[in-house]
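As a plain string of letters, each chain reads:
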Amino acid sequence: MKSIKQEVNDFLHRSMDSHVRIAVTGLSRAGKTAFITSLVNQLLHTSTHHQLPLLSATRDKRVIGAKREPQTNMMVPRFAYDEAMVQLQGSEPNWPEPTRDVSEIRLALKYKPNKKSKKLLSSTATLHLDIIDYPGEWLLDLPLLDMDFSQWSQSQFTALSGKRLELAKPWLEALDKVDLQGEVDEHSLQSVAQIYTQYLHACKDEGLHWVQPGRFVLPGELEGAPVLQFFPCRFDPEQKVAKESNLATLKARYHEYQTKVVKAFYKHHFSTFDRQIVLVDCLQPLNTGYESFMDMRSALEQLMHSFRYGRSGMVKRLFAPRIDKVLFAATKADHVTPEQHSNLVSLLQQMVHPAWQTASFENIEMSCISMASIQATQTGFITSGDQSIPAIQGVSLSGEPLTVYPGEVPKKLPSEEYWQKRGFEFTAFKPMASQQDEPLPHIRMDKALEYLLGDKLK
Ligand SMILES: Nc1nc2c(ncn2[C@@H]2O[C@H](COP(=O)(O)OP(=O)(O)O)[C@@H](O)[C@H]2O)c(=O)[nH]1
Ligand SMILES: [Mg+2]
């Protein structure tokens, strides 16, 4: 049996334990994997390094250390931190492999509280941190739950303009050949679904992010399953649907997708969150064009609808935590020279304007920053004659050392004509070589951490 002293100690320990769940969101390639890898890496180095001056708890030397913990939800794959580190710290540093699923990692941070109420109880406290990585594309499927097959089909046809319409041609041609009321032909449905999926991929390749259904482009374990073999159709919703026809099959598959894929995803993975970081690669749409920027804007807004926001009192929080702080971060800031970072933030503000409005209705705290989770370039100057211009230096993805002035980031989105005359060209870089026992180089990871965790480490 435990002694009274032990009981009291255990009680104190439990009461000094707190918990925070962070949703890391963003569209694919926004930099989520890089962010989580860096976050874990930075926190694991807090006991030996001082690389996070903007995180007040580490600046004040109140963080004792961090360690990884086994995750509680056993149905979710583990975030592949070690694999990512092997890639980054290999003799030829590379970016971590893209992830294609939800994943989770758990850390415990031991710290010395400076809040009076906590200090009275004990000299140390522990913050348990759950970090969850979501493919942004899957979050775009939420609206499907409120639409039947005919409404969803209609919404897809309505969206066909500009680049989309151009890219949809092969699919529209294939669709014309499907006899919707005819007897089901699984083979032809499969092949049209494939052409539709290719269309969705083509949209993404052209820099368009709003694609539905999200699983079609990131199928995970459902690759090749009939539940992913449907596509929007033109038909009269009032008309009777012949039994065992192509249309009946498509409708049934759509329904299956709604319940077994979308609903199940929300049910299993949407336990509630306390904090959210929305990562945005603003440079990518600048490289691709106006339409891509606007499309990313609306995709980000849609994504916000998957989460619950709001402040709730202490008691309410115990039962249903909600996101009370959101950080929007323009990632890969190391692609541009430091004096452009403030423009990058203005551009981010414009990008997330509709998303911001969606969440701000709940009167929560929000902020915008620019950062680089894993800094891949060094800054310097190029001198020509008596002029000196800021530059960045790194290794291109093909392995070439480069020193460039990547140009100006516009404060506001330029007009469509701008891209017709000239575009932007922000190059991608390989990660820099780093030492095994050194934390990954970063820009303002500590600022992001302070925003997300600062108050939890008081
Ligand atoms: N230079 C630089 N590139 C980055 C950074 N973060 C991500 N990237 C690049 O963006 C790509 C996609 O990042 P990733 O984290 O896999 O995106 P995810 O799809 O949101 O998980 C990486 O392969 C890198 O090329 C960063 O901090 N700096
Ligand atoms: Mg990823």
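Residues numbered from 1 in each chain as written. Chains lettered and ligands numbered in written order. Predicted model: local features only at pLDDT ≥ 70, side-chain atom pairs only at ≥ 80, totals over all residues. Heavy atoms only, no water.

As recorded by an unreviewed UniProt entry, the chain carries the name YcjX family protein and is attributed to Vibrio marinisediminis.

Right, let's talk about the confidence of the model for the chain for a bit. Considering every residue of the chain, the mean pLDDT works out to 90; 95% of them sit at 70 or more. Between the elements of the chain, mean pLDDT differs from a low of 54, seen in helix α14 (residues 314-319), to a high of 98, seen in helix α18 (residues 445-453). (pLDDT = per-residue confidence, 0-100. Helix = DSSP H or I, 4+ residues; strand = E, 2+ residues; numbered from the N terminus.)

Quick look at the environment of Gly407 now. In this structure, Gly407 sits in the loop between β10 (401-404) and α17 (416-421). For Gly407, a relative accessible area of 15% corresponds to the buried category. Along the sequence, Gly407 and Val336 sit 71 residues apart, while their C-alpha atoms lie 7.4 Å from each other. Beyond its immediate sequence surroundings of up to four residues, Gly407 is in contact with Gln340 and Phe426. (Buried < 20%, exposed > 50% of the residue type's maximum accessible area, 1.4 Å probe, protein only. Contact = heavy atoms within 4.5 Å.)

Our focus in this paragraph is the site of ligand 1. Neighbouring ligand 1 are 16 residues, the closest being Arg29, Lys32, Thr33, Ala34 and Lys332. Contacts to ligand 1 include Trp95, whose side-chain N or O atom sits 3.4 Å from an oxygen atom. In the complex, 93% of the free accessible area of ligand 1, which totals 580 Å², lies under the protein chains. Grouping the amino acids of the shell around ligand 1 by side-chain chemistry returns 7 nonpolar, 5 polar and 4 charged. (Near = heavy atom within 4 Å. Polar contact = N/O pair within 3.5 Å; in protein donor to acceptor, adjacent residues only side chain to side chain. Areas by Shrake-Rupley, 256 points an atom, 1.4 Å probe, with all protein chains shown as cover. Nonpolar A, V, L, I, M, F, W, Y, C, P; charged D, E, K, R; others polar.)

With that settled, the discussion passes to the layout of surface pockets. Leftover empty space is mapped by rolling, across the atoms, a probe with the size of a water molecule. The space that makes up the largest pocket amounts to roughly 1,200 Å³. Taken together, the residues of the lining of the largest pocket break down into 21 nonpolar, 14 polar and 12 charged. When residues are assigned to domains, the lining of the largest pocket turns out to be shared by domain 1 (4-139 + 268-373 + 434-457) and domain 2 (147-264), each giving three or more. (1 Å grid on protein atoms, 1.4 Å probe; cavity = no way out; pocket = protein on both sides within 12 Å on 5 of 7 lines; lining within 4 Å. Points joined across faces, edges and corners; volume = space filled by probe spheres on them. Domains from an automatic or database assignment.)

On to the packing of aromatic side chains. On inspection of all chains with the given rule, the structure shows 26 aromatic pairs. Centre to centre, the rings of Tyr196 and Phe216 are 6.2 Å apart; their planes meet at 85 degrees, and the pair counts as edge-to-face. With a gap of 20 residues between them, Tyr196 in helix α9 (residues 186-205) and Phe216 in helix α10 (residues 214-217) connect regions that are remote in the sequence. Summarising the burial analysis for this pair, Tyr196 and Phe216 share the class buried. Members of the aromatic cluster, each reached through a chain of ring pairs, are Phe149, Trp152, Phe157, Trp171, Tyr196, Tyr199, Phe216, Phe230, Phe235, Tyr254 and Tyr257. Across the ring face of Phe157, the terminal group of Arg234 is positioned such that the distance to the ring centre comes to 4.2 Å. (Phe/Tyr/Trp six-rings, centres within 6.5 Å; stacked < 30°, edge-to-face > 60°. Lys NZ or Arg CZ within 6 Å of the ring centre and 35° of its normal.)

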